Amino acid sequence: MKVVGVEQFGGPEALAVHEVQEPHAGAGSVRIQVGAFAVSPTDTGVRAGQRDSSHASAPYVPGMDAAGVIDEVGPDVDGWSVGDEVMAIALPLTTHGGAYVEELVAPVGSFTRIPRGTTVELASTIPMNGLTAIQVLELAGLSRGDTLAVTGAAGLLGNYLVQLAKAEGITVIADAADKDETLVRSLGPDHIVPRGDAFAESVRRIVPEGVDALADCAVQRDVVVPALRQGGLFIDVRGWEGNGAEGVRFERALVGKEYRSFDKLERLRHGVEGGTITPRIAEVLPASSAREAHERLEAGGTRGRFVLTW
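In this report, the structure presented in the accompanying data block is examined. (Residues numbered from 1 in each chain as written. Predicted model: local features only at pLDDT ≥ 70, side-chain atom pairs only at ≥ 80, totals over all residues. Heavy atoms only, no water.)

So, the overall build of the chain
A tally of helices and strands in the chain yields eight helices and 15 strands. Here the C-alpha radius of gyration of the chain, 19 Å, is about what a compact globule of 310 residues would show, namely 19 Å. Of all 310 residues assigned to the chain, the portion counted as buried reaches 56%. Partitioning the contacts of the chain with sequence separation of at least 6, the portion at a separation of at least 24 is 64%. Carbon together with sulfur atoms contributes 45% to the accessible area of the chain, which is approximately 12600 Å² in total. Across the chain, the 28 positively charged side chains and the 42 negatively charged ones have centroids separated by 4 Å. (Helix = DSSP H or I, 4+ residues; strand = E, 2+ residues; numbered from the N terminus. Rg over C-alpha atoms; globule rule 2.2 N^0.38 Å. Buried < 20%, exposed > 50% of the residue type's maximum accessible area, 1.4 Å probe, protein only. Contact = heavy atoms within 4.5 Å. Areas by Shrake-Rupley, 256 points an atom, 1.4 Å probe, with all protein chains shown as cover. Lys, Arg positive; Asp, Glu negative; His and termini not counted. Charge placed at Lys NZ, Arg CZ, Asp CG, Glu CD.)

Quick look at the structure:
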């Protein structure tokens, strides 16, 4: 079986196609013939050695999003058949393994059917960012009419978060650079403010007392904390524990906790089918172009996901 990974952690040039032993579905799992896998910022961290790799061995395989066709069903699996098109979340650097593979063994609960009328390429952009967005909203615990500020709204996580929050009746303030304003406006936020260091000040002009919660998808951290009201909640998506600002609560979104969140994957599937969530692809490239995809992602400015196919 072919995988894309690294023998030694490093830059994009460390990525290569490797041959490894073909896996098979065990009890309670299926094997997915992967047709497409998405490239995310999390993947670049895996490649660079910025994640715990103590439970993995080379080649180290990134990737948290895959979609394809079930080609093997293990014992004690009900409701799934060979030929089902599915999308799955993967866990790199664990015994489960990353998504940059030709065959992904996935336990029941970590995958669901791709949305009706959607390609495997589009579906591969949904699980990880979609589950993160749902977890952010659960952590926020907001009610209809409460205020949520979102940095990095033009990125795919920001896209899904804005759309899901609006579907819940939350008042959303999203940031956007000039070149991204049309895209961000299409997501339906109540207010758009300029991206950058003036974010908190701009938010306060709209909500003088500060917002109820802030999801920092752009990883601006200290710069944007002042946008929150007293008692407000800051949610980080990269593991930051906060700066101790008085009157602010800090939480971390950890999508690995959602590995078997089947009901949430189903919510995402229905959201795409109903038009609440809009998957977005930057470009589809062959798996052999993983290095290029990582280089371009790290250069910044990507809207949507690079998707690699075998």
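Focus: the layout of surface pockets
Reported here for the largest pocket is a volume of approximately 1100 Å³. Pro41, Thr42, Arg51, Val237 and Arg238 are the residues nearest the centre of the largest pocket, which is lined by 41 residues in total. Among the elements of the structure, helix H1 (41-48), helix H3 (127-140), helix H4 (156-167) and helix H8 (290-299) are those that each provide at least two residues to the lining of the largest pocket. Element by element, the count of residues in the lining of the largest pocket is highest for H1, at four residues. Its residues assigned to classes, the lining of the largest pocket shows 18 nonpolar, 16 polar and seven charged. Its volume calculated, the second largest pocket comes out at about 430 Å³. What lines the second largest pocket is a set of 22 residues, and nearest its centre among them are Val61, His96, Gly97, Gly98 and Val101. The leading source of residues in the lining of the second largest pocket is strand S6 (residues 103-107), at three residues. In terms of residue class, the lining of the second largest pocket is made up of 13 nonpolar, eight polar and one charged. (1 Å grid on protein atoms, 1.4 Å probe; cavity = no way out; pocket = protein on both sides within 12 Å on 5 of 7 lines; lining within 4 Å. Points joined across faces, edges and corners; volume = space filled by probe spheres on them. Nonpolar A, V, L, I, M, F, W, Y, C, P; charged D, E, K, R; others polar.)

Some words on the pairing of strand S11 (residues 211-216)
Most of S11 is tucked away, with six of its six residues classed as buried. Bridge count between strand S8 (residues 147-151) and S11: four bridges; the pairing is parallel. Paired with Thr151 across the two strands is Asp216, which belongs to S11. By the bridge criterion, five bridges tie S11 to strand S12 (residues 228-236) in an arrangement that is parallel. Its bridge partner lying in S12, Val211 is registered against Leu228. (Pairing = 2+ DSSP bridges.)

Description of unusual backbone geometry
The step from Ala58 to Pro59 runs through a cis peptide bond, and the omega angle for that step is -5 degrees. Among the secondary structure elements, Pro59 is positioned in the loop between H1 and strand S4 (65-73). A positive phi angle is found at Leu93, which is not glycine, with a value near 65 degrees. With respect to the helices and strands, Leu93 occurs in the loop between strand S5 (85-89) and S6. The backbone phi angle of Val219 is positive, close to 55 degrees, even though this residue is not glycine. By the element assignment, Val219 lies in the loop between S11 and S12.

Concerning the pattern of salt bridges
Scanning the entire structure with this criterion turns up 24 salt bridges. A salt bridge links Lys264 to Glu258, with the shortest nitrogen-to-oxygen separation between them at 2.9 Å. Exposure class is identical for Lys264 and Glu258. Each is buried. The salt bridge involving Glu273 is made with Arg269; its shortest N-O contact spans 3.2 Å. Taken together, the positions of Glu273 and Arg269, both in helix H7 (residues 262-273) and four residues apart, correspond to about one turn of that helix. (Salt bridge = Lys/Arg side-chain N within 4 Å of Asp/Glu carboxyl O.)

Here's the deal with the side chain of His294
Secondary-structure assignment places His294 in helix H8. Residue class for His294 comes out buried when judged on its relative accessible area of 0%. One polar contact links His294 to Arg47, side chain to side chain, over a distance of 3.0 Å. Only 3.1 Å separates the side chain of His294 from the side chain of Tyr100, close enough to count as a polar contact. (Polar contact = N/O pair within 3.5 Å; in protein donor to acceptor, adjacent residues only side chain to side chain.)

A look at the pairing of S5
Taken across its five residues, S5 has four buried, putting it largely inside the fold. Across three bridges, the pairing between S5 and strand S7 (residues 111-113) is antiparallel. Each residue of the ladder has a partner; that of Met87, found in S7, is Thr112.

Quick notes on the sheet that holds strand S10 (residues 191-194)
The strands making up a sheet associate through backbone hydrogen bonding, with each pair oriented either parallel or antiparallel. Strand order in the open sheet formed by six strands is S10-S9-S8-S11-S12-S13, with parallel pairing between adjacent strands. Of all the strands in the sheet, the pair left with one neighbour each is S10 and strand S13 (249-252). Averaged over all neighbouring strand pairs, the angle between strand axes comes to 20 degrees, with direction disregarded. Against the sheet, H4 contacts S8, strand S9 (171-176) and S11, and its axis sits at roughly 165 degrees relative to S8. (Axes fitted to C-alpha atoms, helices over the stretch in contact; angles between N-to-C directions.)

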